[in-house]
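The residues making up each chain are set out below.
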Amino acid sequence: MKNLVNAILRLLVKIALHGYFRKIIIEGKENLPKNRPVILVANHQNALIDPLLLATHTNLNPWFLTRAAVFTNPIVSKLLHYIRMLPVYRLRDGFSTIQQNQQTFDDTFEVLRKNGTVVIFAEGTHSLVRNLRPLSKGFTRMAFGLKEKYPDLEPLILPVGLGFSAHLRSGSVVRITFGKTIPVDMPTSQSGKLTKSVENALKSILVNIPVEGYEATLSKLIKHEVDLTSKKEVEHFLETGNVLNSVESVNSLGNKLMKIFHFPLYWLWLLKKGSIEDIVFSSTWKFLIGFALAIPYYFFLIWLTMDTSVGSWGLTFLILAWITLWKNQNPQE
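What comes next is a walk through the structure. Just so we're clear, the structure is a prediction, and the values are computed from it rather than from any experiment.

### Section: the overall build of the protein
Per the secondary structure count, the protein includes 12 helices and eight strands. Whereas a compact globule of 333 residues would reach a radius of gyration of roughly 20 Å, the protein reaches 22 Å, a difference of no more than 12%. When the backbone C-alpha atoms are referred to their principal axes, the protein occupies close to 70 × 55 × 40 Å. Going through the 333 residues of the protein one by one, you find that 46% of them count as buried. Sequence separation of at least 24 residues holds for 69% of the intrachain contacts in the protein that already meet a minimum separation of 6.

Written as structure tokens, this is what we have:
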């Protein structure tokens with residue numbers, strides 16, 4: 001029953017993500033392994049949007065490691081476990097809590113023992129900055145701990161890069177790039193070698209805008225219409241000053257019209273916006289509001305169309321809501 005609910009939920013989220021984003025580009029899907037324990041290591045730029053994309057576009061049905069703070073409520077904890085999330089305790093949660101990570105590692109070992117997949121955002125925190133930050137060692141501990149407990153298993157590290165044309169806006173473009181798998185075939189004493197291999201693999205598939213002069217470089221890339229999700233396009237421009245394939249020029253008129261014909265949802269977003277402390281969660285809240293309320297809103301418009309004196313207005317709003325959602329676009333930022 002749990003697997004059926006997860007499958008249905010993933011399908012609904014996938015459909016909603018394709019409504020939220022203008023385009024989702026998948027690269028390297030041939031690198032997805034089959035019938036092997038997989039530790040998927042990804043960069044982290046867009047809060048809850050990142051795990052949702054990976055859960056719905058990998059066909060690996062992964063489990064996720066999530067900060068323990070969100071598991072404090074027992075009911076929420078059971079719900080999160082139901083949708084395949086496990087808690088990770090950090091020093092900021094209190095030194096005494098770190099020991100509880102052993103149970104989480106034991107749970108991940110059981111997932112991997114069955115040729116399952118566990119996702120780790122190895123940078124530890126999210127950031128809108130388009131480059132790779134230092135990796136934590138949690139994924140190496142997991143890989144070598146699995147090998148120690150089940151010596152016959154052959155786990156793989158799957159590096160995945162996520163890139164966004166505009167992190168905080170709907171109607172934007174996201175690119176998911178799956179790198180080549182990395183076998184865990186070295187002794188524990190060489191964990192640093194594994195970390196470095198994964199770091200190099202992620203750098204080879206991720207857009208990397210140099211920290212020095214970051215804002216000026218980003219502005220220059222946007223001005224010249226370089227695809228901010230493409231490592232090849234960004235590197236070519238930074239090296240030569242030439243644009244290989246400029247992105248389609250986009251204005252925000254479609255987005256403004258979409259907000260008009262989805263005004264109740266947009267109004268809820270405006271109410272929520274002021275209470276968001278971390279701006280990186282902006283897309284998460286926009287998506288969740290749309291995911292939870294778009295269908296009820298459409299059914300309300302259908303009811304207006306079929307059973308009220310303002311049926312023609314309801315039908316007009318419904319059709320325009322769908323059209324403007326389909327045409328929703330936002331420029332790079």
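Picking up where we left off.
### A closer look at the packing of aromatic side chains
Tallied over the entire structure, the rule returns nine aromatic pairs. Relative to F164, the ring of F21 lies with its centre 6.2 Å away and its plane at 40°, an arrangement referred to as tilted. Here F164 lies in strand β6 (residues 156-164) and F21 lies in the loop between α1 (2-20) and β1 (23-27), a separation of 143 residues in the sequence. Look at F164 and you get buried, because its relative accessible area is 0%. Note on F287 and F291: the rings are 5.8 Å apart at their centroids and 15° apart in plane angle, and the pair reads as stacked.

### What to know about helix α5 (residues 138-149)
With 12 residues, α5 extends 16 Å between its outermost C-alpha atoms, agreeing within 8% with the 16 Å of an ideal straight helix rising 1.5 Å per residue. Taken as a whole, α5 has its buried residues at F139, T140, M142, A143, F144, G145 and L146. Those residues of α5 hidden inside the fold are in contact with β2 (38-42), β3 (63-67), α4 (101-113), β5 (117-121), β6 and α6 (191-205).

### Description of the side chain of T217
Examined against the element boundaries, T217 turns out to sit in helix α7 (residues 214-223). With relative accessibility at 18%, the residue T217 sits in the buried group. Apart from residues lying up to four places away in sequence, T217 is in contact with I209 and L238.

### Describing the packing of helix α9 (residues 253-261) against helix α12 (residues 311-326)
Their axes nearest at 8 Å, the elements α9 and α12 cross at an angle of 145°. The way α9 lies across α12 gives a crossing that is left-handed. Only F317, L320, A321, T324 and L325 of α12 make contact with α9, whose side of the interface consists of G254, L257, M258, I260 and F261. Of the residues that constitute the contact of α9 with α12, the class distribution is eight nonpolar, two polar and no charged.

### Brief notes about the environment of I15
Inspection of the secondary structure puts I15 in helix α1. In the structure, I15 is positioned 275 residues away from G290 in sequence and 12 Å away in space, judged by C-alpha atoms.

### Details of the pattern of salt bridges
Taken as a whole, this structure holds 10 salt bridges when the rule is applied. As a salt-bridge pair, R175 and D227 come within 2.9 Å of each other at their nearest N and O atoms. Of this pair, R175 sits in strand β7 (residues 173-178) while D227 sits in the loop between α7 and α8 (231-240), placing them 52 residues apart in sequence. Between E199 and K196 there is a salt bridge whose closest N-O contact spans 3.5 Å.

### Some details on unusual backbone geometry
Even without being a glycine, A47 presents a positive backbone phi close to 45°. Classification of A47 by relative accessible area gives buried; the value is 4%. Non-glycine residue N115 carries a positive phi angle of around 60°. Within the secondary structure, N115 sits in the loop between α4 and β5. According to the relative accessible area criterion, N115 is partly exposed, its value standing at 36%.

### As for the packing of α1 against helix α11 (residues 282-307)
When two helices pack together, their arrangement is captured by the angle between the axes and the distance separating the axes. For the pair α1 and α11, interaxial distance at closest approach is 10 Å and the crossing angle is 115°. One element, α1, and the other, α11, form an angle in the roughly perpendicular class. Crossing of α1 over α11 shows right-handed handedness. Facing α1, whose interface residues are L9, L12, V13, A16, L17 and Y20, α11 presents S283, K286, F287 and F291. In terms of residue class, the contact of α1 with α11 is built from eight nonpolar, one polar and one charged.

### So, the side chain of T56
With respect to the helices and strands, T56 occurs in helix α2 (residues 49-56). Side-chain polar atoms of T56 contact the backbone oxygen of L52, separated by 2.8 Å. Setting aside residues up to four positions removed in sequence, T56 forms contacts with R10, V13, K14 and L17.

Conventions used here
Residues numbered from 1 in each chain as written. Predicted model: local features only at pLDDT ≥ 70, side-chain atom pairs only at ≥ 80, totals over all residues. Heavy atoms only, no water. Helix = DSSP H or I, 4+ residues; strand = E, 2+ residues; numbered from the N terminus. Rg over C-alpha atoms; globule rule 2.2 N^0.38 Å. Buried < 20%, exposed > 50% of the residue type's maximum accessible area, 1.4 Å probe, protein only. Contact = heavy atoms within 4.5 Å. Phe/Tyr/Trp six-rings, centres within 6.5 Å; stacked < 30°, edge-to-face > 60°. Expected span 1.5 Å × (residues − 1). Axes fitted to C-alpha atoms, helices over the stretch in contact; angles between N-to-C directions. Left-handed = near helix turned anticlockwise from the far one by under 90°. Nonpolar A, V, L, I, M, F, W, Y, C, P; charged D, E, K, R; others polar. Salt bridge = Lys/Arg side-chain N within 4 Å of Asp/Glu carboxyl O. Parallel < 35°, antiparallel > 145°, perpendicular 65-115°, else oblique. Polar contact = N/O pair within 3.5 Å; in protein donor to acceptor, adjacent residues only side chain to side chain.

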